[in-house]
Every structure is written in structure tokens, then in C-alpha cells.
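# Structural overview
Residue-level listing of the chains:
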Amino acid sequence: MNSTESAMRRAVALSEIALGKTSPNPIVGAVIIYESGEIISEGFHESAGSEHAEIVALKRAGAKAKGSTLVVTLEPCNHFGKTPPCVEAIINSGVKKVVFAVKDPNPIASGGAEKLRAAGIEVISDVLTKEVEFSNRAWLKKIRTNSPFVTLKMATSLDGRSAAPNGTSKWITTPQSRQDVAYLRSECDAIVTGTGTVISDNPRLSVRDVTRGGNSFAPVRVILGSRELSKELQIFNNEAETIQIKDRELSSLLTLAKERNWNRILIEAGPKLSSSFLKANLVDEVVIYQAPSFLGGSNTAIDDIGVADLTAQKRFTISDVKRIPGEVENLRLQLQAAGA
């Protein structure tokens, strides 16, 4: 691995510290290096309205930025938003070279590379593009399609059951898996469930004991369904905002997501609601927490999704498999939909 790729991987890691905090903006990390590859400074975009990653890194570098290389995950922006365009600060800093991974698909902010080249700065693009696109997949999907990235989370036994034959579902997985779920929630703008799950399980659906970069996380909780719910239920506590959409139309949720400009939503629901997202081809990613057990019975994690035969399978590709240690080891499977 050369020094530029090493710096880019460090920039990716920095950007991911802010997952769940930057909406409607992307996650971005930046590293400034000497020609030798030694790091001068680094930074990341912490939240919407805060300084962009490049600006944070440049301020930390100070005069050392002159003649250096700036490595950044996304093409530097070229527009005035809540903050000035990054390209102006880069040009004024004396940086000699800019390396980025992904061209900005947002027409409002694009054109940064051309402006830097016009100012005499060497620009190299498409470094570790696939890795960075995966890291920033939620925002990129939203910008390209005007719809949020949808992750479906499930906890199942080996035979695909989400509850025992008598209906009990707490707990199929281990405390360690549930802590991992908290990290997954913290990376999303909203957590979506149905009234049935709220009534039967009384979940909090909050993020507990998760901090990254000094940030705490409180994704919005969204309930789909018309049934009246007691305000004494845990989902209405003060740990995060809660919104009830009094229908089960997925379009209503998508409208809300667009109004709030969310990058990513997490579905944590029962079989009927989870299945409706799959049936509508709205799921970009599935995360399954699987216990090494069999439950049997009819309480499957997924209901009918409109698959009549094998030719109509809803196919996903495995992007990651992680063993979650504990008294009973669980598996965490991460799967991506085609084109996600």
C-alpha cells in the first residue's frame, strides 16, 4: 500500500466517526501529508453546518500545508452553503496536490476539481473509489435517487425464526449483539418500526452507550400504523424524537424522509412490515444477527414477499460476516442489494 492509499484509508476511518450526524451532508474525512507520506494533520466533517473536513485539516496544518498533499474522500466542494467553498481555502493554503476518491455527484457542489486544476494544483481522482463509495453509500444513494438508503435489521435463529412458537422473542441474540445493534442505530438518521412491535415488545429503539468523536446519538424513532399507543410506552421517552405516521403506506415514510433530508433509515420491525419493504424493493441493505439455535414453528422473520418461484428470488450479496463473541457466539451478516 502506498502512502496516498494509506492516507485515504485513514480519511475513510475519520469520516465514519460522524456516521449518523452529518445528514443531509455526506461523511467526509481528510488527511494532509508530506511528500514522504508522513501525516501533517487530519480532520472530518462532524455535523451539518460544521466546518468541512478539508477546512479542519487545513486549520490544524497551518503553514505546514504549503507544498503538501491533501487526501480527501470526496471531491472538494465548489459552492457557498452553510460554509464557504473548500476549494478557495485549499488554493489559498498553498497545497501542491489534492487526491480524492469520489467525484461529488451533487450538481450544486461539483466542479471543485476543475477549479483546483485551473489554479495550478495537481489533482488526482478515483483513489480507492469503491471503498469510499461503500463507506458513503447512504448519502450517495440519496443524492443520486432522491430517496434514503434503507437498511433492514433482523435477529433470527438458524432456521429463520424471529420468535419461539409461543411468540416470545426476547432474547434470541446476546447482549453483545444488542450492543452492536446500538452502533448500527447510531449510524442512521431514523429507526422505523410498526405499532405491532411497539405494543408487543415495548422497545426503546434508542442508542445507548455509544459515543464516537465525542458525539452522542439520538436517531428519530418513526412508528408506522394507525393504532393508538399509550404515551407511557418506552418509545415515547425523552431519549429521542418520536413520530407516529398513522398509516402503513411506505410512501408516507419516504415522503417524511425526503422532507427531513435523511441519508439513511433503519427498519426494525415485525415480519409484516419488514416484508413490505422487501416486497416493494425498497431495501438496500440487510443486517442479520443470527443465533446458533433452532426454534421451529411458524414465527418466521419474513412473511410473503411476492416470490412465486426461485426465478423471482430477492437476491443480495454478502458484503461482510462478523463473529460477535460472548457466552454464546452470534453471527452478524451484512448483505447488499444489487446496485446498492
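Residues numbered from 1 in each chain as written. Predicted model: local features only at pLDDT ≥ 70, side-chain atom pairs only at ≥ 80, totals over all residues. Heavy atoms only, no water.

### Some remarks on the pairing of strand E1 (residues 29–33)
Formally: Only protein chains enter the accessibility calculation, which uses a 1.4 Å probe. A residue is then buried if its area is under 20% of the maximum for its type, exposed if over 50%, and partly exposed in between. Secondary structure counts use DSSP, requiring at least four H or I residues in a row for a helix and at least two E residues in a row for a strand, with both numbered from the N terminus. Strand pairing is assigned whenever DSSP detects at least two bridges linking the two strands.
Along E1, five of the five residues are buried, which leaves the element largely enclosed by surrounding structure. Judged by which residues are buried, E1 turns out to be covered on both faces: Gly-29, Val-31 and Ile-33 on one side and Ala-30 and Ile-32 on the other are all buried. Linkage of E1 to strand E2 (residues 39–44), two consecutive antiparallel strands, is achieved through a turn of five residues, within which Gly-37 is found at a positive phi near 100°.

### What about the pairing of strand E6 (residues 149–156)?
With respect to burial, E6 is a largely interior element, seven of its eight residues being buried. Two strands pair when backbone bridges link them, and E6 and strand E10 (residues 264–267) are joined in this way by four bridges, in the parallel orientation. When the sheet's bridge partners are listed, Val-150 is paired in E10 with Ile-265. In terms of strand pairing, E6 meets strand E11 (residues 285–290) through six bridges, oriented parallel. From the neighbouring strand, Lys-153 faces E11, where its bridge partner is Val-287.

### Description of the pattern of salt bridges
Applicable threshold: For salt bridges, the criterion is a side-chain nitrogen of Lys or Arg within 4 Å of an Asp or Glu carboxyl oxygen.
Evaluation of the coordinates by the stated rule reveals 20 salt bridges. Ionic pairing is found between Glu-114 and Lys-103, a salt bridge with its closest N-O pair at 3.8 Å. Taken together, the residues span a long stretch of sequence, with Glu-114 in helix H4 (residues 112–118) and Lys-103 in the loop between strand E4 (97–102) and H4 at a distance of 11 residues. Note on Glu-114: relative accessible area 44%, which makes it partly exposed.

### With respect to the environment of Asn-238
Structurally, Asn-238 is set in the loop between strand E8 (220–224) and strand E9 (242–245). The class of Asn-238 is exposed, set by a relative accessible area of 76%.

### Side note on unusual backbone geometry
Cis peptide bonds are those with omega within 30 degrees of zero, and the linkage from Ser-23 to Pro-24 qualifies with 10°. Residue position: Pro-24 is located in the loop between helix H1 (3–16) and E1. Even without being glycine, Asp-126 reaches a positive phi, approximately 65°. By the element assignment, Asp-126 lies in the loop between strand E5 (122–124) and helix H5 (129–135). Phi at Asn-261 takes a positive value of approximately 60°, unusual for a residue other than glycine. The residue Asn-261 is located in the loop between helix H9 (250–260) and E10 in this model.

### Section: the sheet that holds strand E13 (residues 330–337)
Applicable threshold: Axes here mean lines fitted to C-alpha atoms, for a helix over just the part in contact, with angles spanning 0 to 180 degrees between N-to-C directions. Any pair of residues with heavy atoms lying within 4.5 Å of one another is described as a contacting pair.
Strands sit in the order E9-E8-E7-E10-E6-E11-E13-E12 across an open sheet of eight strands; the sheet is mixed. A single partner strand is all that each edge strand has here, and the edge strands are E9 and strand E12 (316–324). The sheet shows a mean angle of 20° between the axes of neighbouring strands, taken without regard to direction. Here helix H7 (residues 175–186) sits on the sheet and contacts E6, strand E7 (190–194), E10, E11, E12 and E13; the angle it forms with E11, its principal contact strand, is near 160°.

### Some thoughts on H7
Where we set the bar: Here a helix's expected span is defined as the number of its residues, less one, multiplied by 1.5 Å.
With 12 residues, H7 should reach 16 Å at 1.5 Å per residue; the first-to-last C-alpha distance of 17 Å fits that figure. Taken residue by residue, H7 has Ser-177, Asp-180, Val-181, Ala-182, Leu-184, Arg-185 and Ser-186 as its buried positions. Buried residues belonging to H7 abut E6, E7, E10, E11, E12 and E13.

### Some words on the sheet that holds E1
The five strands lie next to each other as E2-E1-E3-E4-E5, forming an open sheet whose pairing is mixed. Looking at which strands have only one partner, the edges of the open sheet turn out to be E2 and E5. In this sheet, neighbouring strand axes are inclined to one another by 15° on average, regardless of whether the strands run parallel or antiparallel. Here E1 pairs with strand E3 (residues 69–74) via four bridges, running antiparallel. Note that in E3 the partner of Val-31 across the bridge is Val-71. Its contacts with the sheet put H1 on E1, E2, E3 and E4, and the angle it makes with E1 is roughly 145°.

### Considering the packing of aromatic side chains
The condition that has to hold: Working definition: a ring pair exists when centres of Phe, Tyr or Trp rings (six-membered ring for Trp) sit within 6.5 Å. Plane angles under 30 degrees give stacked, over 60 give edge-to-face, the rest tilted. Lysine NZ or arginine CZ positioned within 6 Å of the ring centre and within 35 degrees of the ring normal marks a charge as sitting over the ring.
Throughout the structure, instances matching the rule amount to zero aromatic pairs. The ring of Phe-134 is capped by Arg-137, whose NZ or CZ atom sits 4.1 Å from the centre of that ring. Seen from the ring of Phe-236, Lys-231 lies directly overhead, with NZ or CZ sitting 4.1 Å from the centre.

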